[in-house]
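So you can see what is in the structure, the chains are spelled out below.
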Amino acid sequence: MSVTAFSRLGTANAYDNTLANLTTRQNNLANLQESLSSGKKITTPSDDPTGAAQAERSLNRLSRIATDQRALEVQRNAIAMAESTLGDITDALQQVRDLVVSAGNGSFSNAERKTVSLQISGLRERILSLANAQDSNGQPLFAALGSALKPFAGPASSVPDYSFNGLPGTAASDTFAIASSLDGDSAFMLQPQRDLAYNVQVTPSAANLLTGNVSADTSPGAGAVNGSSYEIQIVGLSGSTVTYNLTETLANGTVQPTVPRTANWSATDGFNINGMAGLTLNVKGATTVIPFSDIIHVDPSTSVFSTIDSAVREIGAATNSNAASQSVGQALHNLDISLARISAVRGQAGDLLNRADTINSTNEKRNIEQEANRSRAEDIDMVQGISDFQKQQTGYQAALQSYAQIQKLSLFNFIS
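Residues numbered from 1 in each chain as written. Predicted model: local features only at pLDDT ≥ 70, side-chain atom pairs only at ≥ 80, totals over all residues. Heavy atoms only, no water.

Draft legend 1. Structural view of the overall build of the protein chain. A count of helical and extended segments in the protein chain gives nine helices and 11 strands. The buried share of the protein chain, taken over its 416 residues, is 40%. Taking as baseline every contact in the protein chain between residues at least 6 positions apart, the subset at least 24 positions apart corresponds to 71%. Only carbon and sulfur atoms are counted for the fraction: they give 52% of the accessible area of the protein chain, which is about 21,600 Å². (Helix = DSSP H or I, 4+ residues; strand = E, 2+ residues; numbered from the N terminus. Buried < 20%, exposed > 50% of the residue type's maximum accessible area, 1.4 Å probe, protein only. Contact = heavy atoms within 4.5 Å. Areas by Shrake-Rupley, 256 points an atom, 1.4 Å probe, with all protein chains shown as cover.)

Structural data, given as structure tokens:
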């Protein structure tokens, strides 16, 4: 038998190769279809180990950014609440100030001054309550670097009458976080060396003497303010020279020996009390006669609450307009110092809120960057994906048609 033409004969090997090719094409087509439907070119790490690792790193960073942002929101809300609370405290202190000014009215009776002192006392309770306010998580708004749940305690019968139960200071902000509380010690507690807030009381009831406000003594040898309390007893006047005894009580309670001192006096300008470490005080008599029975007490005011309590006590106890004027002048001086402290801390709160806005903007940029990195690593290019899918589909259909033709070939077809 002669062979005049050649024909391809199907064999078992050809069938196996064709089926393997079809299976591979079918799997590739299914994978492309899954990528198109999910939008991901990496569905398992084996698809692209390097890309999967890059996507995983980006996802971890995105998770950290989200955590930082949640913490920042908690901190921002706490500082915003603290700033608002300081605003309420400032309003209450302004009301106290207005009441103190009204108590200086020379036509007020003792009963009217006592009524004013009761109103001021009620405002002090509100201010102390606001200073111990907590955020939505139960943490004090003015805890500084850490404190008890009620940072401010008082009034106590001992000195100091009010205390801050915590660690003063403000937590340092880092790249992606701010402090979660304000420094209540800086806002509400007063320091003699820093603030020169002193309460001056004349007994009995400032009947004859009227003092100014304590100020810094810048004369040579005046020394530095040390927070001591002083008692001044005027003992004599000879011509234009007044003699007084000065007794100092140190901040630790130690009473120093009494020191006699002298000062130049005039009926117009009075005289200045020196010898108090870093401090001076002007004293004038209600008449041209210096009263030797009056005693002047100079004590540091330790807090805004102490300042208000002193105003309540002395305005309520004033028995004449001279005593009321003495109490009002001293209270206004110390209230203004306290308002300045609170205003400064409120400004710090504003700075922290501005920083929080900056960090929030930075986090948004970080988030966009990491989302872009993740997308480049694992997201499919839809245009390229559709093109690849169509090519794979065309190849698969062609393979199916080829297989349909090849499977018809056999030795029996050739024999016949």
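Draft legend 2. Representation of helix H6 (residues 304-317) within the structure. Compared with the 20 Å implied by 1.5 Å per residue over 14 residues, the 20 Å span of H6 between its first and last C-alpha is a close match. By the criterion of burial, H6 is predominantly enclosed, with 12 of the 14 residues buried. Within H6 the residues assigned to the buried category are Val304, Phe305, Ser306, Thr307, Ile308, Asp309, Ser310, Ala311, Val312, Glu314, Ile315 and Gly316. (Expected span 1.5 Å × (residues − 1).)

Draft legend 3. Structural view of the environment of alanine 143. Position of alanine 143 among the secondary structure elements: in the loop between helix H3 (110-131) and strand S1 (147-153). Alanine 143 sits 11 residues away from asparagine 132 along the chain, and the two C-alpha atoms are 8.7 Å apart. Excluding residues within four positions of it along the chain, alanine 143 makes contact with Phe164, Leu167, Ser181 and Leu182.

Draft legend 4. A look at the nonpolar core. Grouped together as the largest cluster of nonpolar side chains are 49 residues, with contacts concentrated most on Val100 and Phe188. For this core, the elements supplying multiple residues, two or more each, are helix H2 (49-103), H3, helix H4 (184-188), H6 and helix H7 (321-378). When residues of this core are assigned to their parent elements, the largest contribution, 12 residues, is made by H7. Leave out the neighbours within four places in its chain, and valine 100 touches Ile120, Ala311, Ile315, Val328, Ala331, Leu332 and Leu335. (Core = buried A, V, L, I, M, F, W, Y, C linked by side-chain atoms within 4.5 Å.)

Draft legend 5. Representation of the confidence of the model for the protein chain in the model. For the protein chain, the average pLDDT comes to 82, and 78% of its residues sit at 70 or higher. The secondary structure element of the protein chain with the lowest average pLDDT is helix H9 (residues 411-415), at 59, and the one with the highest is H4, at 94. (pLDDT = per-residue confidence, 0-100.)

Draft legend 6. Geometry of the pattern of salt bridges. Counted under the stated rule, the structure contains eight salt bridges. Where glutamate 73 meets arginine 76, a salt bridge forms, and the shortest distance between an N and an O atom there is 3.4 Å. Highlighted residues: glutamate 73 and arginine 76, both in helix H2, separated by three residues, approximately one helical turn. When the shortest N-O distance is used, the salt bridge between aspartate 195 and arginine 194 registers 3.0 Å. Taking relative accessible area as the criterion, aspartate 195 reaches 11% and is therefore assigned buried. (Salt bridge = Lys/Arg side-chain N within 4 Å of Asp/Glu carboxyl O.)

Draft legend 7. Seen up close, unusual backbone geometry. Residues glycine 154 and proline 155 are joined by a peptide bond in cis, for which omega reads 0°. The residue alanine 144 is not glycine, and still its phi comes out positive at about 60°. On the secondary structure map, alanine 144 appears in the loop between H3 and S1. Here alanine 144 falls in the buried class, since its relative accessible area comes to 6%.

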